[in-house]
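One-letter residues, chain by chain:
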Number of protein chains: 2
Amino acid sequence: MRLAELSEHSGVSTATIKYYLREGLLPPGRQVNATTAEYDAEHVRRLRLVRAMIQVGRMPVATAREVLRHVDDDSLGRTIRLGAALWALPQVPEPDEDDAFVRAAHREAGALLESLGWTNSMMLTTVSPAYRSLVVAIAAFRRLGYDWDAQRLLLYARLMHEAAGLDLDFVESQPSEAEKAECAVVSAVLIEPMLQALHRLAQEEESARRYGFE
Amino acid sequence: MRLAELSEHSGVSTATIKYYLREGLLPPGRQVNATTAEYDAEHVRRLRLVRAMIQVGRMPVATAREVLRHVDDDSLGRTIRLGAALWALPQVPEPDEDDAFVRAAHREAGALLESLGWTNSMMLTTVSPAYRSLVVAIAAFRRLGYDWDAQRLLLYARLMHEAAGLDLDFVESQPSEAEKAECAVVSAVLIEPMLQALHRLAQEEESARRYGFE
């Protein structure tokens, strides 16, 4: 298909497609003559992925390019390919390791992973941004003086593990290995806002059930 | 206690406390003479709440003041008090109601609430920002052409409902009605980043379990 059709098919303007081509986010089409290139279904799919990252996930172009490099590198295992997208999402600030609350939060997070039996995560604590985010979140609770028991954290973690299982089932339902890698990126970007919306809605629902609207 | 002790007790600098006092986020102390005021445990608690909103939740000062007005209004029911905090959190952009994907997402979200039996939420669809966020998230999935079945959405929603039950149990564990209202605000600000971190960590763990690290 020509550029105009690619635009129509994807709902992305030709100006935006040209921008993505210039930035190397979309591979060039097959040149049929000096002024015309031909695009195919691969381009439609790649465009979908780029929109998910940039328009929905608000990733900077350089980050999106970095993620695509991982997605296209089929020498990588699926865990790393999924990680490439997850680790490129906006992260919380680094924990301040000199802070007593942060040090306590590290111990608490470590104990949590052990109770959960998340042995893989236990190996990643020094490199995983998700682990650092957890430490920052626990430290914030503690710093405000809340008595937040370890049992409660364990229950939340189990719920999130079930959600993660659903995420990966969705990724696995994609037909090809390349589409699985793309879907991992898209779902990293799209599932979080979905869960957040459902969580807030559930809080409203549950609150209304317990206390009514009066 | 004096200002210096309040600062020590709360870990907030005297300059920041004075700023919060000027902005009306913290009620004035009891004036003991022209230059000295006396603060009490209520001030320590209120300071904790203000820090949760501004330092952790990055709420603008005007929003924080608005939320406090609701927290302090004990003529309001607990649902509204909790809502005051939830609705003041940063929201996604409004859905474009002329967009065909958005209209389809409204139908899908409505069917979801009905399947879940969330009858309270069904009454709030025209006013709840959480409902609008859900519509935006569903429309984003659809616009990217993903086949995302209704059953999967239902499973995520049930998990989030369990999480919301834990949130409210935590709020109810607080001793007084005023502290419950405060805790609802704090947990709205702190629980989301916690769940997000646990979700990302669970994705890493589950991915490593299924595919290893190769």
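Residues numbered from 1 in each chain as written. Chains lettered and ligands numbered in written order. Predicted model: local features only at pLDDT ≥ 70, side-chain atom pairs only at ≥ 80, totals over all residues.

Novice: I would appreciate a short explanation of the confidence of the model for chain A in the present structure.
Specialist: A low pLDDT score tells you not to read the predicted coordinates there in detail. Confidence along chain A averages 87 in pLDDT terms, with 95% of residues attaining 70 or more. In the model output, the complex is listed with pTM 0.86 alongside ipTM 0.87. (pLDDT = per-residue confidence, 0-100.)

Novice: Mind showing me how you'd approach the pairing of strand E1 (residues 30-33) of chain B here?
Specialist: Look at any regular strand and the pattern is simple: side chains alternate between the two faces of the sheet. Residue and element names in this part refer to chain B. Pairing of E1 with strand E2 (residues 36-38), which is carried by 3 bridges, proceeds in the antiparallel orientation. By the bridge assignment, Asn 33 is partnered in E2 with Thr 36. The turn linking E1 back onto E2 is made up of 2 residues. (Pairing = 2+ DSSP bridges. Helix = DSSP H or I, 4+ residues; strand = E, 2+ residues; numbered from the N terminus.)

Novice: Explain the environment of Leu 26 of chain B here, please?
Specialist: For Leu 26 of chain B, the location among the structural elements is in the loop between helix H2 (14-22) and E1. Apart from residues no more than four positions distant in its own chain, Leu 26 of chain B is found in contact with Ile 17, Tyr 20, Leu 21, His 43, Arg 46, Leu 47 and Val 50 of chain B. (Contact = placed C-beta atoms within 7 Å.)

Novice: What is the right way to read the nonpolar core from this model?
Specialist: For soluble globular proteins, nonpolar side chains are generally found buried alongside one another. Within the largest apolar cluster, 121 residues are counted, with the highest numbers of intra-cluster contacts made by Leu 134 and Val 185 of chain A together with Leu 134 and Val 185 of chain B. Those residues in contact with Leu 134 of chain A that lie beyond four places of it in its chain are Ala 109 of chain A together with Ala 197, Leu 198 and Leu 201 of chain B. (Core = buried A, V, L, I, M, F, W, Y, C linked by C-beta atoms within 7 Å. Buried ≥ 20, exposed ≤ 12 C-beta atoms within 10 Å, placed from the backbone.)

Novice: Mind showing me how you'd approach the interface of chain B and chain A here?
Specialist: For interface size, the figure often reported is the accessible area lost on association. Opposite the 65 residues of chain B that make contact, chain A presents 65 residues. Counting only elements with at least two residues in the side of chain B that touches chain A, the list comes to helix H3 (41-56), helix H5 (78-88), helix H7 (119-123), helix H8 (129-143), helix H9 (150-172) and helix H10 (177-211) of chain B. If one sorts the elements of the side of chain B that touches chain A by residue count, H10 of chain B sits on top with 22 residues. Partitioning the side of chain B that touches chain A into residue classes produces 36 nonpolar, 15 polar and 14 charged. (Nonpolar A, V, L, I, M, F, W, Y, C, P; charged D, E, K, R; others polar.)

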